[in-house]
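Reading the structure
Residues per chain are reported as follows:
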Amino acid sequence: MMLRIKRVPTVVSNYQKEETEEAAAAARRVSGCGRNCLNKCCIQGAKLPLYAFKRVNKFKTEMGVHGHEVREPEPPVAFLDSLVLGEWEDRVQRGLFRYDVTACETRVIPGQYGFIAQLNEGRHLKKRPTEFRVDKVLQPFDGNKFNFTKVGQEEVLFQFEASEDGEVQFHPSAPIDVENSPSVVAINVSPIEYGHVLLIPRVLECLPQRIDRDSFLLALYMAAEAGNPYFRLGYNSLGAFATINHLHFQAYYMALPFPIEKAPTKKIISTGSGVKISELLNYPVRGLVFEGGNSLEDLSNTVSDACICLQENNIPYNVLIADCGKRIFLLPQCYAEKQALGEVSSELLDTQVNPAVWEISGHMVLKRKKDYEEASEENAWRLLAEVSLSEERYQEVNALIFEAIARGDDANGGVAESVIGEADAKPKSGGEVDAINKNSCPAMVSGTPECLVLHSGSRYCGLMIRYCFYKLASAMTY
Amino acid sequence: MDSQLGLIEQSFNNRYTLWVHEALDELPDSFTITDPSISGHPIVFASRGFLKMSGFSRAEIIGRNGRMFQGPRTNRRTIMEIREAIREERPIEVNLLNYKKDGTPFWMLFKMSLVFGKEDGRATHFVAVQVPIVSRKHMRNSGMSYSEDGGGSRLREIVFGSCRREVCSDSLLDLDRVLALDSDDTGLEIEDSCEASDLEKRKAATAIDNILSVLTHYSQLTGRLVCGKRCSLPGMGFISSSLYISLGRIKQSFVLIDPHLPDMPMVYASDAFLKLTGYDRNEVVGQNCRFLNGVDTDTTVLYQIKESIQTEQACTVRILNYRKDKSSFWNLLHISPIRNASGKIAYFAAVHTEEGCRNQDRHGLSLEMRQLSAIGAIKVAVRSLSMGAGPSKS
């Protein structure tokens, strides 16, 4: 049985048509679409600004080895930040957005967390609801539907790639390398805040909406490069209110803390690569927080592994990348499923709030004045509580995630264990590591029913033991 | 950098006189004072106690921002809490992990309070006291302590009791080591969280009181009185310290004009604007921009500007402007309405670029792009900062 819901899809491009029109246009196979898109018909000879970021371990450069590097007193607006703001403002003045988002009334709802409510009547004006399949997180790319090769070139702000030579490069007008599809940043013509953009990894490869290690790392690099804790990136999987099945992240500016960022957390474990994983406490949606890591890549890979695990287990989820890429929130959800099964109250459905990453983070975009005026922390909490997985389901999902992370951690090898007592030690040869760690956990033998099924992999072993102890300790405190 | 240091000295001494340094130096505590109205929200004073504790010299600190003491193990959420307290202009007390000059991390109680101008109610300085935490009361964040107390061993008993009875005591020690893999990568045993004792909290409170009374006393000598609490409500055209901090990050020459006040005065002028035109801040804030115009300024352009403002549109014009020393320059002026969170226009921003000066910065953003990015940054700052309840009234 296929689960479906009806909702109004967000128009993110001026070239996005109703589904029926889209299919008809595809059927006609019109060649040379007559405008400025990114497809083969128009892309030849096209040029866009190119921002090449420095592929560097951001965490290390901040601290230096023995103390502090000499830095400017307060860094001025970072270059990428200026580029996004400037290009976005340029499109504002060219009239490319469907409405002026800065004219939308917004306020912080009084309360403990400070949920943010916005009255935005223009976002879904005149759009008919479309059917969305919500029971499959992984769906193949469908070229007949709207995708980002169909956006106009004027909607693309710049290409975003890793620099070849380790220095930040900017070319105001660079050709698009069709053979090695660039990643691009485009505007969202129905913004929910100033600077609302879409990051589309390798746009011409037409990847479906699913996270992989490379794309997630690209998103983290963007967050780190922008260097602005108020410029956050978000991701919605299919089934968690992604509108378009073409791999993309969203981002915008909000110079306020999101409620989710204020929620207390409780550390679960640290992985072998230094990533600290905590759970959210006292927040309506249950989720995990990832921080730290010996490098940006380590943090990225840990989170990606968790996302890939959820995808493969068909669990819809949202991701918020906050604090310049230093704090990442992973939130599995089940609202769409409930909606399809008719389990959501009509009161909540009437608000037409689709709880995607921004809503879950605490930024509610409301279409009706009544909802805006009556917005309260209890209402927001009640809606978000419906989004959350139940405690039992959440624990089951966590176990899956930790298993996947432990496997990924183990496979990486990389930095040696603290048991060896060195920082930044080069990875030892496989034999040595196993020998040391066999001594560390003689009690753990694979195959015994009483203990967890543990492989001989040392880091997997260590991580799962720690997770196991965390669960036991939590159980004991109740 | 020198001009900034000069600015810092000047602004601090103007309010408190030169002698305040001596008085503050007599206090034994570790504390820093920052000024939100200076671009970068820099430290303008660091006590002897602070220098001793951190290992830095005065020259290495003055003019820098407080984040220089943060590092990889500093709790990101705590950093956010401090940032928000600054933005909302309210006091805060948190346990914070900072780093000394030699890279060693240490826990301290961080207590921050504000100093307000008595007459205008503005937040003039932030005072931060740091009390190192020496108490033995530390707990690992996961709620289990592996050290002296019996909790850990009880847990181990339960686990292994239900698991494999044949496990020998050796493996328990090894298990401890496996469990200790949470320690950070520099090999130092530093806790994930820390609680200050009541004694430490009292120490911090006393230090704050002492500092405030010194500052209050010396401000009386200059007549530019301050107090520890906001005594009067900020008047019209008030730019909060948090908006100052946000605007201070924008390096372009620009001003903010308040169209709701009589004669539409400038309520904010960036450092770059002052540099471009040769004026001092107190000469221009509160004035209408017409002082930039002169004999040869084209009146039709002025009319164009006026019309754009009335129709609430953005516009770009080329206008002849005059500096304080009467020299003229062609100004590529871009004006845009800036709305606040209510959706209504709060200010107009005017960004200036002197024609003919180096057209691109070292990265290659065009002149036009730089102007627009300034507008974008201003829009984000004004909109976001007006969404909340605003600066606290206490």
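Quantities reported herein were computed from a predicted structural model and do not represent experimental measurements. (Residues numbered from 1 in each chain as written. Chains lettered and ligands numbered in written order. Predicted model: local features only at pLDDT ≥ 70, side-chain atom pairs only at ≥ 80, totals over all residues. Heavy atoms only, no water.)

Attention now moves to the overall build of chain B. Looking only at helices and strands, chain B has 13 helices and 13 strands in total. Split into buried and exposed, the 394 residues of chain B put 53% on the buried side. Considering only residue pairs separated by 6 or more positions, chain B has 55% of its internal contacts joining residues 24 or more positions apart. Total accessible area on chain B stands at roughly 18400 Å², and carbon and sulfur atoms take up 52% of it. (Helix = DSSP H or I, 4+ residues; strand = E, 2+ residues; numbered from the N terminus. Buried < 20%, exposed > 50% of the residue type's maximum accessible area, 1.4 Å probe, protein only. Contact = heavy atoms within 4.5 Å. Areas by Shrake-Rupley, 256 points an atom, 1.4 Å probe, with all protein chains shown as cover.)

Another point: the confidence of the model for chain B. All names here are of chain B. Residue-level pLDDT values for chain B average 82, and 81% of them are 70 or greater. Ranking the elements of chain B by mean pLDDT puts helix α6 (residues 151-162) last with 42 and strand β9 (residues 253-257) first with 96. Taken together, the stretch residues 137-188 has pLDDT below 50 and engages in 68 contacts with residues farther than four places along the chain or on a different chain. Predicted confidence is poor over residues 390-394, with pLDDT under 50, and the contacts of this stretch with residues over four places away or in other chains come to 13 contacts. The ipTM value of the predicted complex is 0.83, and its pTM value is 0.84. (pLDDT = per-residue confidence, 0-100.)

The subject of this paragraph is the sheet that holds strand β17 (residues 363-366) of chain A. Within a sheet, neighbouring strands are paired by backbone hydrogen bonds and run either parallel or antiparallel to one another. Residues and elements named next belong to chain A. Strand order across the open sheet formed by three strands is β3-β4-β17, with mixed pairing between neighbours. Looking at strand neighbours, the two that pair on one side only are β3 (106-108) and β17, the edges of this open sheet. Strand-to-strand twist of the sheet, defined as the mean angle between neighbouring strand axes without regard to direction, takes the value 20°. With three bridges connecting them, β3 and strand β4 (residues 116-119) associate as antiparallel partners. Counterpart to T106 in the pairing with β4 is Q118. (Pairing = 2+ DSSP bridges. Axes fitted to C-alpha atoms, helices over the stretch in contact; angles between N-to-C directions.)

Residue and element names in this part refer to chain A. The strand order across the open sheet built from 12 strands is β7-β2-β6-β8-β9-β11-β10-β15-β16-β14-β13-β12, with neighbouring strands paired in mixed fashion. Both edges of this open sheet fall to β7 (169-175) and β12 (265-270), since each of them pairs with a single strand only. Ignoring which end each strand starts from, the neighbouring axes of this sheet average 25° apart. Two elements, strand β2 (residues 47-53) and β7, share five bridges in a ladder whose sense is antiparallel. Bridge assignment links L48 to a residue of β7, and that residue is A174.

Here we take up the UniProt feature "domain: PAS" (unreviewed entry) in chain B. Residue and element names in this part refer to chain B. In this numbering, the UniProt entry assigns the feature "domain: PAS" (unreviewed entry) to residues 22-89 and 266-288. Annotated as 40% helix and 12% strand, the span residues 22-89 places its first and last C-alpha atoms 28 Å apart. Each end of residues 266-288 is marked by a C-alpha atom, and these two atoms are 6 Å apart; helix forms 48% of the span and strand 17%. (UniProt positions renumbered as here; feature names shortened; annotations may be inferred.)

With that settled, the discussion passes to empty space enclosed by the protein. Residue and element names in this part refer to chain A. Overall, the coordinates contain six cavities of 30 Å³ or more when judged by the stated rule. Space inside the largest cavity adds up to approximately 300 Å³. If you go around the largest cavity, you meet 23 residues; those closest to its centre are T10, R123, F241, T243 and A356. Looking at the lining of the largest cavity residue by residue, the class counts come to 10 nonpolar, nine polar and four charged. (1 Å grid on protein atoms, 1.4 Å probe; cavity = no way out; pocket = protein on both sides within 12 Å on 5 of 7 lines; lining within 4 Å. Points joined across faces, edges and corners; volume = space filled by probe spheres on them. Nonpolar A, V, L, I, M, F, W, Y, C, P; charged D, E, K, R; others polar.)

All names here are of chain B. As far as domains go, chain B holds domain 1 (4-135 + 195-227) and domain 2 (241-386). Computed from C-alpha coordinates alone, the two centres of domain 1 and domain 2 are separated by 33 Å. Each partner contributes to the interface: domain 1 provides 10 residues, whereas domain 2 provides eight residues. Counting each side, the surface lost to burial between domain 1 and domain 2 is near 790 Å², with a carbon and sulfur contribution of 53%. (Domains from an automatic or database assignment. Buried area = accessible area lost by both parts, 1.4 Å probe.)

Moving on, we come to the side chain of S304(A). When you line up the elements, S304(A) lands in helix α7 (residues 296-312). Dropping the residues within four chain positions of it, S304(A) is found in contact with I211(A), D212(A), R213(A) and F216(A).

Once that is clear, we can look at the pattern of salt bridges. Oppositely charged side chains can form a pair if their charged atoms are brought close together. In the structure shown here, the tally under the stated rule is 35 salt bridges over all chains. A salt bridge links R77(B) to E81(B); the nearest nitrogen and oxygen atoms lie 3.4 Å apart. Of this pair, R77(B) and E81(B) both sit in helix α5 (residues 76-87), separated by four residues, roughly a single helical turn. Through salt bridges with shared partners, one network takes in E87(A), D90(A), R91(A) and R94(A). (Salt bridge = Lys/Arg side-chain N within 4 Å of Asp/Glu carboxyl O.)

Our focus in this paragraph is the nonpolar core. Counting 100 residues, the largest nonpolar core has F158(A), F160(A), M222(A), L233(A), F290(A) and V319(A) as the members making the most contacts within it. Ignoring any residue separated from it by four or fewer positions in sequence, one finds F158(A) in contact with P49(A), Y51(A), L80(A), L83(A), V84(A), S183(A), V184(A), V185(A) and M222(A). Counting 46 residues, the second-largest nonpolar core is a separate cluster that includes Y252(A), A263(A), L384(A) and A341(B). (Core = buried A, V, L, I, M, F, W, Y, C linked by side-chain atoms within 4.5 Å.)

Residues and elements named next belong to chain A. Packing of helix α5 (residues 213-226) against α7 leaves a shortest axis separation of 9 Å and a crossing angle of 130°. Classified by the angle their axes make, α5 and α7 are oblique. Judged by the twist between their axes, the crossing of α5 over α7 is right-handed. Judged by residue contacts, R213, F216, L217, L220 and Y221 of α5 engage L296, E297, L299, S300, N301, V303, S304 and D305 from α7. Of the residues contributing to the contact of α5 with α7, the split by class is seven nonpolar, three polar and three charged. (Parallel < 35°, antiparallel > 145°, perpendicular 65-115°, else oblique. Left-handed = near helix turned anticlockwise from the far one by under 90°.)

Residues and elements named next belong to chain A. This structure, assessed with the given rule, holds 30 aromatic pairs over all chains. Between F79 and F170, the ring centres sit 5.3 Å apart and the planes meet at 80°, which makes this aromatic pair edge-to-face. Separated by 91 residues along the polypeptide, F79 in helix α4 (residues 79-93) and F170 in strand β7 bring together distant segments of the chain. Accessibility assignment for this pair places F79 and F170 in one class, buried. (Phe/Tyr/Trp six-rings, centres within 6.5 Å; stacked < 30°, edge-to-face > 60°.)

For C206(A), which is not glycine, the phi dihedral falls at a positive 50°. Inspection of the secondary structure puts C206(A) in the loop between β9 (197-200) and α5. Classification of C206(A) as partly exposed rests on a relative accessible area of 21%. Positive phi, close to 60°, is recorded for E312(B), a residue that is not glycine. Mapped onto the elements of the fold, E312(B) is located in the loop between α12 (299-310) and β11 (315-322).

Glancing now at the environment of C41(A). Inspection of the secondary structure assignment puts C41(A) in helix α2 (residues 40-43). The class for C41(A) is partly exposed, based on a relative accessible area of 40%.

This part covers the pairing of β17(A). Residues and elements named next belong to chain A. Here β17 shows a buried face lined by H363 and V365 and a second buried face lined by M364 and L366. In this sheet, β17 lies alongside β4 in parallel orientation, the contact comprising four bridges. When the bridges of β17 are listed, I116 appears paired with H363.

Residue and element names in this part refer to chain A. Along the chain, the position of N120 falls in the loop between β4 and β5 (130-133). In this structure N120 comes out as buried when scored by relative accessible area, which is 0%. A distance of 3.0 Å separates a polar atom in the side chain of N120 from a polar atom in the side chain of Q118. Once you skip the residues sitting within four places of it in the chain, N120 turns out to touch Y99, C104, P191, V365, L366 and K367. (Polar contact = N/O pair within 3.5 Å; in protein donor to acceptor, adjacent residues only side chain to side chain.)

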